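Listed here are the chains, written in short residue letters.
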Amino acid sequence: MRVGPWRGDPTVAYLNPVPGTPLPSPDFVRRILRTLSEQGYRRAVTGALAPAEQTGFRAVGFQAAEHLHLLAHDLRLVPPVAELPVLLRRAARTDRAAVLDVDARAFDTFWRLDDPGLDEAIAATPHSRFRVATTPAGDVVGYAVTGRAGRRGYVQRLAVDPERQRGGIGTALVLDALRWLRRWRAERAMVNTQLENGGALALYERVGFQREPLGLAVLGIDLTDR
């Protein structure tokens, strides 16, 4: 289990099962929660979990805090990237402040990344690609983190400056990610998005993602009475 502060909040713990390991049992989750409570955490939330991954958490009292769409792309047909007045390039260390600023403006407080959260998104899979979209003047107006584990790919994070949304930047970043995954012979790409984020959902479906029948959920629990 990965454990740490949620988005830099020292009162909220973040829990996420490590891919490829056995699903956490209720007893295992209880032991972790006792430790977190002793360390002063007041609440715990999970990463985005599939229904089968939620069992051990729900058995000890976790409830859904957010529901998410889960979408998949078979990577057989990836549309070409249209010409844009922005440049897509590899992110540099000096881009991090601008990337986090874009992220903060693109997401509400619950979903915003801090610096450790960005590191976690990049390190969540064995192979990753961190790209930014910049104006001709060099200003960062969007970014994407893509992950790859074996034949499976993941659009881990996508954000575009709200003032530049609906201009094709998000689409270009996603298509760039899908083409990278296909070059490395990935067979399937996954992405999730909030139920109320109609713009992101439309973008993903426009480039060929299809909704999976079962979505994901972020679960939460109050630790103050433990």
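Note that the coordinates shown come from a computational prediction; the quantities given were computed from them, not determined experimentally.

Draft legend 1. Molecular detail of the overall build of the protein. Within the protein one finds six helices and eleven strands. The C-alpha radius of gyration computed for the protein amounts to 18 Å, which stays within 12% of the reference 17 Å derived for 226 residues, consistent with globular compactness. Counting only C-alpha atoms and orienting by the principal axes, one finds that the protein spans roughly 55 × 35 × 30 Å. Put simply, the protein has 226 residues, and 45% of those count as buried. A fraction of 74% describes how many contacts in the protein between residues 6 or more apart in sequence connect residues 24 or more apart. Roughly 11,700 Å² of accessible area belongs to the protein as shown, and the carbon and sulfur atoms make up 50% of that amount. Between the centroid of the 31 positive side chains of the protein and the centroid of its 25 negative side chains there is a distance of 6 Å.

Draft legend 2. Here's a closer look at the side chain of His73. Secondary-structure assignment places His73 in strand β4 (residues 63–73). Aside from chain neighbours lying at most four places away, what touches His73 is Val78, Leu178, Glu187, Arg188, Ala189, Val207, Gly208 and Phe209.

Draft legend 3. Fine view of the nonpolar core. Membership of the largest hydrophobic core comes to 26 residues, with the highest contact counts inside it found for Val174, Leu178, Tyr204 and Phe209. The set of elements that each furnish at least two residues to this core consists of β7 (140–149), β8 (152–160), α5 (169–183), β9 (188–194) and α6 (198–206). A per-element tally of this core places α5 first, with seven residues. Other than its neighbours up to four places away in sequence, Val174 contacts Leu158, Leu203, Tyr204, Val207 and Phe209.

Draft legend 4. Just the pairing of strand β11 (residues 216–222), in detail. Counting buried positions over the seven residues of β11 gives six, a clear majority of the element. Here strand β3 (residues 43–49) pairs with β11 via five bridges, running antiparallel. Within β11, the position partnered with Ala44 by the bridge is Ile221. Sheet analysis places β4 next to β11, joined by five bridges and oriented antiparallel.

Draft legend 5. A look at unusual backbone geometry. The phi torsion at Leu75 lies on the positive side, around 65 degrees, for a residue other than glycine. Mapping Leu75 onto the fold places it in the loop between β4 and β5 (87–90). Of note, Arg185 is a non-glycine position whose phi angle comes to about 65 degrees, a positive value. By the element assignment, Arg185 lies in the loop between α5 and β9.

Draft legend 6. Up close: the environment of Ser25. Topologically, Ser25 is positioned in the loop between β2 (9–16) and α1 (26–38). Using a relative accessible area of 34% as the deciding quantity, one classes Ser25 as partly exposed. Between the C-alpha atoms of Ser25 and Gly56, which are 31 residues apart in sequence, the distance is 4.9 Å.

Draft legend 7. Fine view of α6. Listed as buried for α6 are Ala200, Leu201, Leu203 and Tyr204. Projected down its long axis, α6 shows its buried positions confined to an angular sector of 160 degrees, all on one face. For α6, the secondary structure elements touched by its buried residues are β4, β8, α5, β9 and β10 (210–211). Just downstream of α6 lies Gly208, where phi reads positive at about 115 degrees.

Draft legend 8. Just the pattern of salt bridges, in detail. Throughout the structure, instances matching the rule amount to twelve salt bridges. The partner of Asp74 in a salt bridge is Arg76, and the shortest N-O contact between them spans 2.7 Å. Overall, Asp74 belongs to the partly exposed group, its relative accessible area being 33%. Residue Arg96 pairs with Asp115 through a salt bridge whose shortest N-O separation is 2.9 Å. Taken together, the positions of Arg96 in helix α3 (residues 96–106) and Asp115 in helix α4 (residues 115–123) put the pair 19 residues apart, joining distant regions of the chain. The exposure class assigned to Arg96 is buried, which follows from its relative accessible area of 8%. One salt-bridge network, in which partners are shared between bridges, spans Arg96, Asp115 and Asp119.

Calculation notes
Residues numbered from 1 in each chain as written. Predicted model: local features only at pLDDT ≥ 70, side-chain atom pairs only at ≥ 80, totals over all residues. Heavy atoms only, no water. Helix = DSSP H or I, 4+ residues; strand = E, 2+ residues; numbered from the N terminus. Rg over C-alpha atoms; globule rule 2.2 N^0.38 Å. Buried < 20%, exposed > 50% of the residue type's maximum accessible area, 1.4 Å probe, protein only. Contact = heavy atoms within 4.5 Å. Areas by Shrake-Rupley, 256 points an atom, 1.4 Å probe, with all protein chains shown as cover. Lys, Arg positive; Asp, Glu negative; His and termini not counted. Charge placed at Lys NZ, Arg CZ, Asp CG, Glu CD. Core = buried A, V, L, I, M, F, W, Y, C linked by side-chain atoms within 4.5 Å. Pairing = 2+ DSSP bridges. Arc of directions from axis to C-beta. Salt bridge = Lys/Arg side-chain N within 4 Å of Asp/Glu carboxyl O.

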